[in-house]
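# Architecture and fold: a report
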Amino acid sequence: MGRARTLAEVYRRFGEAEAAGGSPLYERVARALSGSGEALRAIGTAPARKRHPAVILAALHDLALDGRAPALAAAYAAGDGEAAAGAAIDTLLHMTGSVVSVAVRRPPRDDETGRCAVLYPAVAEVASRVGVRAVGLIDVGCSAGFNLSTDRVGITYSDGRTLGDPESPVQLSSEVVGGRPLPARAIPEVVARVGIDLDPVDVTDADDARWLRACLRPDQPERAARLEAETALAATAPPVLLRGDAVDVLPDAFARVPADALPVVTTTWALSHFPLGSRLRFLHRLDEAAADREVGWVSVEGVGVAPAIPTFGDRRASGHSVIGLAVFGRSALHAEAVGRCWSRGRLLAWTADPARASSG
């Protein structure tokens, strides 16, 4: 009973705080689950770390999308909160094993949209500073690899600047604040796309692609349409996906970038999942790779998370992230903070001098 009451509080808070306002369906479903002792006992059969509402609701959504929970799928399609609440409870009670199996097998996935708006100018900038005509992108914590399509999306900024491909099916927007304009440079030719993740998502696999959709809330059609476009774009040039710890896998990733291209490693809110020792070993891996050629690193991480990247003197709990650039040469490391961003890239401030000349 104590466990059930704890789960009840978690689900009630999720409905009232996290889902409220953004997803009426999930607000109603979470509140209904919090009040059903039978549903909470079914959820309680999952491992403790897999009982969170985001995981269980995604597992239920996955079953609905797969046609295995038709009543729940119909309620979601109709936007009927009461019917969705009843169908969710019924699915949990009659398909407990299936719900738990999906939840255990798959980690929840964050919405990656918006990261390219920060990455595009930063990748172009690091390539310009080294003076190269081709880059190989290596994304750490790649998930579905959408960051590896940064050069293939179109981005409109609130200051009127546009970057990327204006004809791309994926069009993003970002608000620019502060007095510095974004650099207008284009990303040079991308000759390699390599993703590293403990559990990468293959967008060409139907089950993997469905799980990405399941992690979105069912009453957010605009986000679903954007995800569909991003998935289709990534599938036209699938990246090489390397499974494993980044510190161990990075040498293999570097080997997949042609010798005449600059490897550019990108991390977007990935290093916070690494203990400090692993972050320092990650930095050492980049330095090791630079023994034979220059290596670029673009980081978008919380204040103080990315080793060697300055923080502007900002406090760790300041609520924003720092955009960092680093170039590892054969004998030196140059690291610089070039901006700040908020809301996963939907708002950014560029602080570096956009007129800075390249080193090549």
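Now for a description of the structure that goes with this document. (Residues numbered from 1 in each chain as written. Predicted model: local features only at pLDDT ≥ 70, side-chain atom pairs only at ≥ 80, totals over all residues. Heavy atoms only, no water.)

As a further point, take the packing of aromatic side chains. Under the counting rule described, the total for this entry stands at two aromatic pairs. Arranged with centres 5.4 Å apart and planes meeting at 70 degrees, the rings of F282 and W297 form a pair that is edge-to-face. Of this pair, F282 sits in helix 12 (residues 276-289) while W297 sits in strand 8 (residues 295-302), and the two are 15 residues apart along the sequence. For the pair F282 and W297, a shared accessibility class is recorded, and that class is buried. (Phe/Tyr/Trp six-rings, centres within 6.5 Å; stacked < 30°, edge-to-face > 60°. Helix = DSSP H or I, 4+ residues; strand = E, 2+ residues; numbered from the N terminus. Buried < 20%, exposed > 50% of the residue type's maximum accessible area, 1.4 Å probe, protein only.)

This part takes up the nonpolar core. Judged by nonpolar contacts, the single largest core of 39 residues is most densely connected at V135, Y157, V264 and V298. Among residues more than four places away in sequence, those in contact with Y157 are A117, Y120, P121, L163, S174, V176, L182 and L348. In terms of nonpolar packing, the next biggest core, distinct from the first, is built from 38 residues, I56, A87, L92 and A103 among them. (Core = buried A, V, L, I, M, F, W, Y, C linked by side-chain atoms within 4.5 Å. Contact = heavy atoms within 4.5 Å.)

Attention now moves to the sheet that holds strand 6 (residues 240-243). Sheet architecture is open: eleven strands sit in the order 3-2-4-11-10-9-8-7-1-5-6, paired in mixed fashion. Edge strands, defined here as strands with exactly one partner in the open sheet, are strand 3 (162-164) and strand 6. On average, adjacent strands in this sheet sit at an angle of 25 degrees to one another, irrespective of strand direction. One ladder, built from two bridges, connects strand 4 (residues 171-176) with strand 11 (residues 347-350); its direction is parallel. When the bridges of strand 11 are listed, V176 appears paired with L348. Those strands touched by helix 11 (residues 246-255) are strand 1 (134-140), strand 5 (189-197), strand 6, strand 7 (262-268) and strand 8, and its axis lies near 155 degrees from that of strand 5. (Pairing = 2+ DSSP bridges. Axes fitted to C-alpha atoms, helices over the stretch in contact; angles between N-to-C directions.)

Next up on the list: the pattern of salt bridges. All told, the structure shown has 16 salt bridges when counted by the stated rule. Where D197 meets R109, a salt bridge forms, and the shortest distance between an N and an O atom there is 3.9 Å. With D197 in strand 5 and R109 in the loop between helix 7 (96-105) and helix 8 (115-130), this residue pair connects regions lying 88 residues apart in the sequence. For the pair D197 and R109, a shared accessibility class is recorded, and that class is buried. A salt bridge links R129 to E336, with the shortest nitrogen-to-oxygen separation between them at 2.6 Å. One end of the pair, R129, is in helix 8; the other, E336, is in strand 10 (residues 333-342), with 207 residues separating them in the sequence. Residue R129 is classed as buried on the basis of its relative accessible area, which comes to 7%. Looking at E336, the relative accessible area reads 18%, which means it is buried. It is possible to trace a salt-bridge network through shared partners that takes in D62, D66, D207 and R210. (Salt bridge = Lys/Arg side-chain N within 4 Å of Asp/Glu carboxyl O.)

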